[in-house]
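As a plain string of letters, each chain reads:
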Amino acid sequence: MVLTDATLSTPLPATERPWAPELRDSGMLWEIARALGGGPFHVIHPETFAENLDDLIGALAAERTPGRVYYGKKANKASAWLRECIRPGAGVDVASVPELAHALGNGLRGEAIGVTGAAKSDGLLWLSLRHRCLIAVDAADELERVARLAAELGETAEVLLRVLPPMATTSRFGFAPDDLAAAVRRCADLGGSVVLRGFSFHLDGYDPVPRARLAAHLVDLCRDARALGHPATKISIGGGVAVAYVAEEDWRRFEEGRHDGWFHSGRNPARTYPYHQAPTGAAMVTAILRHDTGGVPLADRLRDAGVELLLEPGRALVDGAGFSVFPVLGRKPSGDHLITTVAGLSMSLSEQWKGSEFLPDPVLVRAGGSPEAGEPVRTAVVGSSCMEYDVFTWRTVRLPAEPRPGDLLVYPNTAGYQMDKNESGFHQLPLPPKVVVGDGSWHVDTDYPVQEFR
Ligand SMILES: *Cc1c(COP(=O)(O)O)cnc(C)c1O
């Protein structure tokens, strides 16, 4: 098998935090793999999550913007992140009763929990009201249910009204302008059972500019609401804080060269995540806050109006904070490349389930040393189910040697949405455990509903 430039895709090595390659090269990875008995597993690193969280909280503070960073919990189900979210300036954003119970069970107080999602069940609203969580109301009928449940409980609902973004008028979320004005009036009629704290939105895409513009509009909505007597002092600009998985130059060369021949069966995905982009993380938050909104930076506009900025990042907080490990079961030739089968299912790499592909290169790890001594190969990577489409990587990636049973294939930086969004018990296989590492030791995360105090 000859590796020529024409048949080999441009490499896309992941940019990683130091802990990840250090752990891959250490005996601890093999200790974990042996203890878990040969199945796939995920490794997560809460210290990296904590760094990401501190960076975002710091980006608000640096622009003298009061606010709070809520972890958009659906990005990864592990408990380990939640213990990091009890720090000042942090919180958790949930959209189901189990998510809310999980946050409460890990020490979050209701005041630091935001409840978003589409029409929320009475059960979710009831529990949110009992704990005085901040509820983002999505529609007029939901507002009525919130008010009725709050009155029955003798509680006051803390409410944001979710705005339908003018640049995304076909979104299924949020109030259109006329309905929003009616909902603001309705909050006044509802008297003591509902208190309008402000407004929210969540936008697709990763551009700071539309977020800054819409945030400025929400500040105006707060001023208008206050003129009607509402204590509207908070706006939430949702999640979508950008992440870069690979270096700019690698991504540019990859995108320029990309063609069907790089992919098993020619399956070149029509759309992928922008694996390199800028600005990301805290720098993107800074860009939003510094964006000129009618002559003043958004940060000044917020401060002048006495409005707090709430963020709900998911992916950006778990960036660099986890990887996924799949033991190699076998390989065989297929045309000009190999097909490598690993223990586990491609549901553990959920980008596949959007008809797309998780593109950062997997890394071959061999017991007792580097596989660099072998002959390089090109291979697609498939899961161990009976489905033709159970494929981790259609792209034929370069590995430094033929993978063989006993090796581990590691997918880097998978904590954001890849790990557990689509996992199922297909073939009655157990879900891959999540192993928490840090301080030279490891333990298995229990993701529901509470974790022993440790
Ligand atoms: C999914 C979601 C988030 C988190 O999105 P990321 O892209 O992971 O940052 C935040 N808020 C709401 C309302 C969401 O639906």
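Asks: So what about the sheet that holds strand 2 (residues 67-72)? Which residues, and what values?
Replies: One closed barrel accounts for eight strands, arranged 2-3-4-5-6-7-8-11; its pairing is parallel. Neighbour to neighbour, the strand axes of the sheet diverge by 30° on average, direction disregarded. Sheet analysis places strand 4 (residues 113-115) next to strand 5 (residues 134-137), joined by two bridges and oriented parallel. Looking at the pairing, Val115 lines up with Ile135 of strand 5. Contacts from helix 8 (residues 208-227) reach strand 7 (194-200) and strand 8 (234-236), with the element oriented near 155° to strand 7.

Asks: Provide a residue-level description of the side chain of Gln277, including the pertinent values.
Replies: With respect to the secondary-structure elements, Gln277 resides in the loop between helix 9 (248-257) and helix 10 (281-290). Reaching out from Gln277, the side chain makes a polar contact with the backbone oxygen of Val243 at a distance of 3.0 Å. At a separation of 2.9 Å, a polar atom in the side chain of Gln277 contacts the side chain of Tyr273. When residues no more than four places from it in sequence are discounted, the contact partners of Gln277 are Tyr206, Ala242, Val243 and Ala244.

Asks: Explain the nonpolar core to me, using residue names and the numbers behind them.
Replies: Tyr71, Trp81, Leu161, Val194, Phe199 and Ile235 are the most contacted members of the largest nonpolar core, which has 111 residues in total. Broken down by element, this core gets its largest block of residues, nine residues, from helix 8. Here this core spans two domains, since at least three of its residues come from each of domain 1 (19-45 + 320-444) and domain 2 (47-242 + 278-311). For Ile235, the contacting residues outside a window of four places in its chain are Phe199, Ala215, Leu218, Val219, Cys222, Leu302, Val307, Glu308, Leu309 and Leu310. Counting residues in hydrophobic clusters, the runner-up holds 17 residues, among them Ala20, Trp30, Val410 and Val437.

Asks: Talk me through the pairing of strand 17 (residues 408-411); I want residue IDs and the actual numbers.
Replies: Side chains of strand 17 alternate between two faces, with Leu408 and Val410 and Leu409 and Tyr411 buried alike. Inspection of the sheet shows strand 12 (residues 322-334) paired to strand 17 by four bridges, in the antiparallel sense. From the neighbouring strand, Ser324 faces strand 17, where its bridge partner is Tyr411. Of the strand pairs in this sheet, strand 14 (residues 363-365) and strand 17 are connected by three bridges, and their pairing is antiparallel. Counterpart to Leu364 in the pairing with strand 17 is Leu409.

Definitions and cut-offs
Residues numbered from 1 in each chain as written. Predicted model: local features only at pLDDT ≥ 70, side-chain atom pairs only at ≥ 80, totals over all residues. Heavy atoms only, no water. Pairing = 2+ DSSP bridges. Helix = DSSP H or I, 4+ residues; strand = E, 2+ residues; numbered from the N terminus. Axes fitted to C-alpha atoms, helices over the stretch in contact; angles between N-to-C directions. Contact = heavy atoms within 4.5 Å. Polar contact = N/O pair within 3.5 Å; in protein donor to acceptor, adjacent residues only side chain to side chain. Core = buried A, V, L, I, M, F, W, Y, C linked by side-chain atoms within 4.5 Å. Buried < 20%, exposed > 50% of the residue type's maximum accessible area, 1.4 Å probe, protein only. Domains from an automatic or database assignment.

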